[in-house]
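Architecture at a glance
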Amino acid sequence: MTTVPSGQAIGARGLRKSYGDKKVLDGVDITVAEGSIFSLLGPNGAGKTTAVQILSTLIRADAGEIRVAGHDLARDPQAVRRAIGVTGQFSAVDSLLSGEENMLLMSDLNHLPRRDGRRRVAALLERFELADAAKKSPVTYSGGMRRRLDLAMTLVGDPRIIFLDEPTTGLDPRSRRTMWEIIEELVAAGTTIFLTTQYLEEADRLADRIAVLDGGRIVAEGSSDELKRLIPGGHVRLTFAELGGLDKAFTVFPGSSRDDETLTLTVPGDGRVETLRHVLAALDAAAVTVDDLTVHRPDLDDVFFALTGHSATTDKEDSR
Amino acid sequence: MSAIADSTTMLRRNFTHSVRYAAMTLSGLLLPVLMMLMFVYIFGGAIGPAISAGTGGGVSYIDYLTPGILVMAVGAGSASTAVSVAVDMKEGIIARFRTMAISRGSVITGQVVGSTIRTLVSLALVIGVALLVGFRPAAGPVAWLGAIGLLALLILAFTWLAVAFGLVVRSAEGANMASMPMQFLPLVSSAFMAPDLMSSGIGWFAAYQPFTPIIDTLRGLLLGTPIGNSGYLAVGWCLGLTLLGFLWARSAFNRDPRR
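No experiment lies behind these values; they were computed from the predicted model shown. (Residues numbered from 1 in each chain as written. Chains lettered and ligands numbered in written order. Predicted model: local features only at pLDDT ≥ 70, side-chain atom pairs only at ≥ 80, totals over all residues. Heavy atoms only, no water.)

**Considerations on the overall build of chain B**
Summing up its helical and strand segments, chain B has eleven helices and zero strands in all. Ordered by position from N to C terminus, the α and β elements of chain B give α-α-α-α-α-α-α-α-α-α-α. On C-alpha atoms alone, chain B measures out to a radius of gyration of 19 Å, which is about the 18 Å that the 2.2 N^0.38 rule sets for 259 residues. Across its three principal axes, chain B shows a C-alpha extent of roughly 60 × 35 × 35 Å. By the burial criterion, 50% of the 259 residues in chain B qualify as buried. Within chain B, contacts between residues at least 6 apart in sequence are counted, and of these 81% link residues at least 24 apart. Surface exposure of chain B reaches about 11,300 Å², of which carbon and sulfur atoms provide 73%. Considering chain B, the positive charge centre built from 15 side chains and the negative charge centre built from 8 side chains are found 10 Å apart. (Helix = DSSP H or I, 4+ residues; strand = E, 2+ residues; numbered from the N terminus. Rg over C-alpha atoms; globule rule 2.2 N^0.38 Å. Buried < 20%, exposed > 50% of the residue type's maximum accessible area, 1.4 Å probe, protein only. Contact = heavy atoms within 4.5 Å. Areas by Shrake-Rupley, 256 points an atom, 1.4 Å probe, with all protein chains shown as cover. Lys, Arg positive; Asp, Glu negative; His and termini not counted. Charge placed at Lys NZ, Arg CZ, Asp CG, Glu CD.)

**Thoughts on the environment of Arg13 of chain A**
Following the sequence through the fold, Arg13 of chain A ends up in strand β1 (residues 10–19). Looking at Arg13 of chain A, its side chain comes within polar contact range of the side chain of Thr31 of chain A, at 3.3 Å. (Polar contact = N/O pair within 3.5 Å; in protein donor to acceptor, adjacent residues only side chain to side chain.)

**Describing the domain arrangement of chain A**
Accessible area lost upon the coming together of the parts is a frequently used measure of interface size. If you check the domain split of chain A, you get domain 1 (10–229) and domain 2 (235–296). Between domain 1 of chain A and domain 2 of chain A, the C-alpha centre-to-centre distance is 45 Å. (Domains from an automatic or database assignment.)

**Points about the sheet that holds strand β8 (residues 192–197) of chain A**
By definition, the strands of a sheet pair up through backbone hydrogen bonds, in either a parallel or an antiparallel sense. Residues and elements named next belong to chain A. Read across the sheet, six strands follow the order β6-β7-β8-β3-β9-β10 without closing on themselves; strand pairing throughout is mixed. This sheet does not close on itself; its edge strands, each paired only once, are β6 (84–87) and β10 (217–222). If you compare each strand with its neighbour and ignore which way they point, the axes differ by 15 degrees on average. Where strand β3 (residues 37–41) meets strand β9 (residues 209–214), four bridges bridge the pair, whose relative direction is parallel. For Leu40, the partnering residue across the bridge sits in β9 and is Ala211. (Pairing = 2+ DSSP bridges. Axes fitted to C-alpha atoms, helices over the stretch in contact; angles between N-to-C directions.)

**Points about the pattern of salt bridges**
Residue and element names in this part refer to chain A. Per the stated rule, a full pass over the model turns up 19 salt bridges over all chains. A salt bridge links Arg120 to Asp158; its shortest N-O distance comes to 3.8 Å. Taken together, the positions of Arg120 in helix α4 (residues 114–127) and Asp158 in the loop between α5 (143–156) and β7 (161–165) put the pair 38 residues apart, joining distant regions of the chain. Residue classification places Arg120 among the partly exposed residues on the basis of a relative accessible area of 30%. Asp158 sits in the exposed class, given a relative accessible area of 56%. Through salt bridges with shared partners, one network takes in Arg16, Asp26 and Arg217. (Salt bridge = Lys/Arg side-chain N within 4 Å of Asp/Glu carboxyl O.)

**Regarding the interface of chain A and chain B**
Facing the 35 residues of chain A at the interface are 27 residues of chain B. Both faces considered, chain A and chain B share a buried interface measuring about 2,600 Å² in area, 55% of it formed by carbon and sulfur atoms. The largest per-residue losses of area from chain A upon contact with chain B belong to Leu58, Leu96 and Leu109 of chain A, which jointly make up 26% of the total buried on that side. Joining chain A to chain B, the criterion identifies four salt bridges. Arg96 of chain B is paired through a salt bridge with Asp150 of chain A; the nearest N and O atoms lie 2.2 Å apart. (Buried area = accessible area lost by both parts, 1.4 Å probe.)

**Focus: the UniProt feature "transmembrane region" (unreviewed entry) in chain B**
Residues and elements named next belong to chain B. Mapped onto the present numbering, the UniProt feature "transmembrane region" (unreviewed entry) falls at residues 21–44, 64–87, 108–135, 147–172, 184–207 and 227–249. For residues 21–44, helix accounts for 96% and strand for 0%, while the C-alpha atoms at its two ends are 33 Å apart. Within the segment residues 64–87, helix and strand shares are 100% and 0% respectively, and the terminal C-alpha atoms sit 37 Å apart. (UniProt positions renumbered as here; feature names shortened; annotations may be inferred.)

**What about the pairing of strand β13 (residues 264–268) of chain A?**
Residues and elements named next belong to chain A. Of all five residues making up β13, four are buried, and the element is well covered by its neighbours. As judged from the five bridges shared by strand β11 (residues 235–239) and β13, these two strands associate in the antiparallel manner. Paired with Thr239 across the bridge in β13 is Thr264. Of the strand pairs in this sheet, strand β12 (residues 257–259) and β13 are connected by three bridges, and their pairing is antiparallel. If you follow Asp259 over to β13, its bridge partner there is Thr264. The antiparallel pairing of β12 with β13 creates a hairpin that spans four residues between the two strands, and Leu263 there sits at a positive phi of about 55 degrees.

**Some details on the sheet that holds β11 of chain A**
Residue and element names in this part refer to chain A. Spatial strand order, β12-β13-β11-β14: four strands in an open sheet with antiparallel pairing. Each of the sheet's edge strands pairs with one partner strand only, and the pair in question is β12 and β14 (292–296). The average undirected angle you get between the axes of adjacent strands in this sheet is 20 degrees. Packing of helix α9 (residues 243–252) onto the sheet brings it into contact with β12 and β13, and relative to β12 it is tilted by some 170 degrees.

**With respect to the packing of helix α6 (residues 141–169) of chain B against helix α11 (residues 230–254) of chain B**
Residues and elements named next belong to chain B. Taken N-terminus to C-terminus, the directions of α6 and α11 make an angle of 30 degrees; their axes are 8 Å apart at the nearest point. Taken together, the axis directions place α6 and α11 in an arrangement best described as roughly parallel. In this structure, the crossing between α6 and α11 has a hand that is left-handed. Its residues assigned to classes, the contact of α6 with α11 comprises 24 nonpolar, two polar and no charged. (Parallel < 35°, antiparallel > 145°, perpendicular 65-115°, else oblique. Left-handed = near helix turned anticlockwise from the far one by under 90°. Nonpolar A, V, L, I, M, F, W, Y, C, P; charged D, E, K, R; others polar.)

**A few points about the nonpolar core**
With 61 residues, the main nonpolar core has Met103, Leu151 and Ile193 of chain A together with Phe97 and Leu167 of chain B as its most contacted residues. The contact partners of Phe97 of chain B, leaving out residues within four places of it in the chain, are Leu105, Met106 and Leu109 of chain A together with Met10, Arg13, Ile102 and Val107 of chain B. One finds Ile51, Ala139, Ile155 and Ala234 of chain B within the second-largest nonpolar core, a separate group that totals 52 residues. (Core = buried A, V, L, I, M, F, W, Y, C linked by side-chain atoms within 4.5 Å.)

**Comments concerning the side chain of Arg98 of chain B**
One can find Arg98 of chain B in helix α4 (residues 93–98). Setting aside residues no more than four positions away along its own chain, Arg98 of chain B makes contact with Thr57, Leu58 and Arg81 of chain A together with Arg104, Phe253, Arg255 and Pro257 of chain B.

What follows is the structure, given as structure tokens:
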């Protein structure tokens, strides 16, 4: 077993966890650079929440070496807890306390001096657009407001690393976008984010690195672009004004496929700039005039399907 | 240091919960008083003479009844503790607490101390109303101290048991069910009736279940009736149940939460 180098926000090697004879995590390695957004992407039941629960000290792994914020998680969980904040899948707020009381509770538990705590709480409520609802019970909040309160409570302690377990699941598109903007602001301020999601769009938009978790194993890891390049399906589509152009171009690109009705030619390629430049140069050399050009790259949905054999948001049963 | 600060914070949270759950808190406080009034004014006429005759004519029914009601109030208090712990565990906020750098036991300490304070208020209420309707304890200061000490031991035992129930069952309904024995076993004890006046099987059970020596000891301390070896049994039961409840609650709380 290799050791986890320090200096990373999160490093885990050989993470294993079973419930009964069901292996939930089956040898998972995770590395998250400081100040980045790392996304664990996977369908329901893939083990995402279990991974977050282990990395955030909530449950113990059966095996594996874990360092979070420079501390050995098994040896010094309290030190890890001082550096992290967790916002769970199911909003962990106290519904018998008002929004503001929930925030002040976090301030007390973080041992902030009373006045500093009050100031910080007021600022966060303002920033998360919860000031008007501060005196009300979270029971009366919308889903988006509850998640914002949940995250605001996490931020009272000013954590360096934040775990967000499916922060936008079940939210309407507008609330989702608000949440994304908040996450982007946090990273801009230097916070490390560990994000789990079953939404490809979310990982695509937010994450610096994405690990695809399926059946307790990481089946692929890289930036969104790297993942997309892993699989075939990218192509350049050329549209011509008249049939002559299509004929000429078809001879230039052997292996391409033509559609005489729509006057389009599909040229396979990985969608990188060099490939595109090569296509344009070949067209120039043959003096073909192109009416329109589109580059299609496989989206994460294609990647996910290719890697796991099922799509990300359906097939819940398959992955269990 | 931080353990005390965190426990205080949790106690404050627990207190706010009692205020927000006003209906439940109030019914918890009033139930024992209502039970007492019911037994005195509805059943007292029938049971009272038998009790009086059994004790050689010296003890009025309200005097006989009050120690039992006090023990019952402790049971009722522990039921609400079990429910509030179970509800709390479901809230998900406990998971948040577990990932924060706070004293591990502070959540439970807050519950135990909060519950103890609520039960003490309830006991004071019972004693106050009992005095109004004719309770005349014969106890001197030492006996009163002994009675208060025994009640405190009982609160400790029941609260820890209740916390363990709340941690294990994880639903309000389950917690209420689990704490049923603490609420209803007093009915089949010497609380309202002398066991030797009950039908033989039930009487045997009533004589040997833990509530009976506890109630008899309390009665002895408050009324000056003979205690016999009930005192040792009462203290033994309380200490045993406290230890059981504490160890059970601790192991349930330290276990990894279920998914």
